[in-house]
Amino acid sequence: MVDSFVWTDEEARYIKAVFRWKDADDDAARRQTEHRRHEQQQQKPAGEFRVLVVGAKGTGKTSILTRFGQHTFPGEAHYERGCRRQVELADGQLYTVDALEMPSKHLPSDPMLGQALDITEAAVLVYDVQSAQSLRIATAVAEFICDNVGAREYALMLVGNKTDTHDGDDTNTNTDGDGDGEVKRRVSRAEGAKAAAGLKFWGAESGCCFLEVSAKTGEGVDGIFPRLGKEILRVKRANRLRREQAERIAKQQQLLLAQKAGAPGKKRLGLWKTLSIPFFKRQSAY
Ligand SMILES: Nc1nc2c(ncn2[C@@H]2O[C@H](COP(=O)(O)OP(=O)(O)OP(=O)(O)O)[C@@H](O)[C@H]2O)c(=O)[nH]1
């Protein structure tokens, strides 16, 4: 077979058999995936997450949602400003994610952002790794959210998009503004991670979650919502524990007050009770 480019009948049969086997293998894998998808569709989701996707203009919010919802990069024909999809968390449970983009033109409007916060329980803050300004906007939005949600449970995630635009170097590669027309990474992964760590939110010791992705290649995008879902559950658990602890303390205080009120030496008996006590016992009743 090595010496000749013409296969013998036996070789041809062998090759065909291998390909058939490969096809069968692929078919089995495809059937398994479809079966799993079907099973997931039948499975009742354990819950639902309502997520706001927010960030400066052109950071790739629409592209991320399109990649997440339709597994494509938006062309001229279709794009997503909101989508609904199920994700599986690490514990194997399915959750429905309802993700909604906040158009960047509404970003400077506090009431608009406030309304969007009211109907969501988590936000993905998107910045473009080619723009330090977009990271500053994302952190400013995070601070606005922290100030506005108050005691309400809310989760955050910082996402650096467009990682495909650099050559894999993790450092800040172009700050010289040499005008060569090529846009490079202006925010290193370390800077993004540091910004996320600085966003202390809902008792997260290490700051908010952080991820770098590329909506164009799809890298990392599928990790956003399962990770955020996990964070939402953590925040909810932390809030429930906080509430339970506050209730426990309040109960203990009530008990202490009740004990204090019920402890004052001997009680003075009413007249009727006093008269009903035999005479020889009355003295000791006072
Ligand atoms: N190279 C690259 N380009 C991207 C990526 N994501 C988005 N873009 C491009 O960035 C531009 C803006 O993307 P959009 O998804 O429209 O950004 P947006 O944040 O929704 O924009 P606004 O709605 O205008 O705020 C488009 O030209 C996209 O093709 C990415 O991961 N890599």
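Remember, it's a predicted structure, so these values are computed and weren't measured experimentally. Each chain has its residues counted from 1, running along the sequence as written. Only residues with pLDDT of at least 70 are given local features in this predicted model, and only at 80 or more are side-chain atom pairs given and counted; all residues enter the totals for whole chains, interfaces and linings. The side-chain figures draw on all heavy atoms in the structure; neither hydrogens nor water molecules are used.

> Is there a simple way to explain the overall build of the protein in this structure?
The helix count covers DSSP runs of H or I at least four residues long, the strand count covers runs of E at least two residues long, and both are numbered beginning at the N terminus. Per the secondary structure count, the protein includes eight helices and six strands. Burial status follows relative accessibility: with a 1.4 Å probe on protein chains alone, a residue under 20% of its type maximum counts as buried, one over 50% as exposed, and anything between as partly exposed. Within the protein, the proportion of its 286 residues that are buried is 34%. Considering only contacts in the protein between residues 6 or more positions apart, those separated by 24 or more positions represent 67%. For the area figures, the Shrake-Rupley method with a 1.4 Å probe applies, and any residue is considered shielded solely by the protein chains shown. Only carbon and sulfur atoms are counted for the fraction: they give 54% of the accessible area of the protein, which is about 18300 Å². By definition in these notes, contact holds between two residues if any of their heavy atoms fall within 4.5 Å.

> Could you clarify how one ought to interpret the site of the ligand in this entry?
Residues in close proximity to the ligand total 18 residues, the closest being K61, T62, S63, S104 and D164. One nitrogen or oxygen atom from the side chain of S63 is found 2.5 Å from an oxygen atom belonging to the ligand. Counted as a polar contact is a pair of N or O atoms within 3.5 Å, where, for protein atoms, one must be capable of donating a hydrogen and the other of accepting one, and residues adjacent in sequence contribute only when both atoms are in side chains. The backbone of A215 places a nitrogen or oxygen atom 2.9 Å from an oxygen atom of the ligand. For the ligand, the accessible surface in isolation is 650 Å², of which the surrounding protein chains cover 73%. Looking at the shell around the ligand, the element that brings in the most residues is helix α2 (residues 61–70), giving three residues. Across the shell around the ligand, the residue classes tally to two nonpolar, nine polar and seven charged. Here a residue is near a molecule or strand as soon as one of its heavy atoms is found within 4 Å of it. The nonpolar class holds Ala, Val, Leu, Ile, Met, Phe, Trp, Tyr, Cys and Pro. Asp, Glu, Lys and Arg form the charged class, and all remaining residues, Gly among them, are polar.

> Any chance you could explain the packing of helix α3 (residues 110–118) against helix α4 (residues 132–149) here in plain terms?
Between two packed helices, what matters for the description is the angle formed by their axes and the separation of those axes. Direction vectors running N to C along α3 and α4 enclose 65°, while the axes themselves pass 11 Å from each other. Relative to α4, α3 is oriented so that their crossing is right-handed. Taking contact as the criterion, the partners of D110, L113, G114 and L117 in α3 are, on α4, V141, F144, I145, N148 and V149. Here the residues of the contact of α3 with α4 are counted per class, giving six nonpolar, two polar and one charged. To get an axis, fit a line to the C-alpha atoms, keeping to the stretch in contact for a helix; angles then go from 0 to 180 degrees between the N-to-C directions. Crossings are assigned a handedness: left-handed for a near helix turned anticlockwise from the far helix by less than a right angle, right-handed for a clockwise turn.

> What's the story with the pairing of strand β2 (residues 82–88) in this structure? I'm lost.
Side-chain positions along a regular strand alternate between the two faces of the sheet. When DSSP locates at least two bridges between a pair of strands, those strands are taken to pair. Alignment of β2 against strand β3 (residues 94–101), held across seven bridges, turns out to be antiparallel. Across the sheet, V87 pairs through a bridge with Y95, a residue of β3. The loop that links β2 with its antiparallel partner β3 comprises five residues; one of these, G92, has a positive phi angle of about 85°.

> Please explain the environment of I119 as it appears in this structure.
As for its placement among the helices and strands, I119 is situated in the loop between α3 and β4 (122–128). In the structure, I119 is positioned 72 residues away from E191 in sequence and 31 Å away in space, judged by C-alpha atoms. Every residue in contact with I119, bar those within four places of it in the chain, is listed here: R50 and L100.

> Would you mind showing me how to read the packing of aromatic side chains here?
The description of an aromatic ring pair rests on the distance of the ring centres and on the angle between the ring planes. Pairing of aromatic side chains here covers Phe, Tyr and the six-membered ring of Trp, requires ring centres within 6.5 Å, and sorts the geometry by plane angle: under 30 degrees stacked, over 60 edge-to-face, intermediate tilted. If you walk through the whole model with that rule in mind, you get two aromatic pairs. With 4.8 Å between their ring centres and 10° between their planes, F49 and Y95 make a pair best called stacked. Of this pair, F49 sits in strand β1 (residues 47–55) while Y95 is found in strand β3, placing the two residues 46 residues apart along the sequence. Pair check on accessibility: F49 and Y95 agree, each one buried.

> What is the right way to read unusual backbone geometry from this model?
With the exception of glycine, the majority of residues adopt a negative phi angle, and the majority of peptide bonds are in the trans configuration. Unlike most non-glycine residues, H71 shows phi in positive territory, near 60°. As for its placement among the helices and strands, H71 is situated in the loop between α2 and β2. Although it is not a glycine, K162 sits at a positive phi angle of roughly 75°. By secondary structure assignment, the location of K162 is in the loop between β5 (155–161) and α5 (189–197). The exposure class assigned to K162 is partly exposed, which follows from its relative accessible area of 22%.

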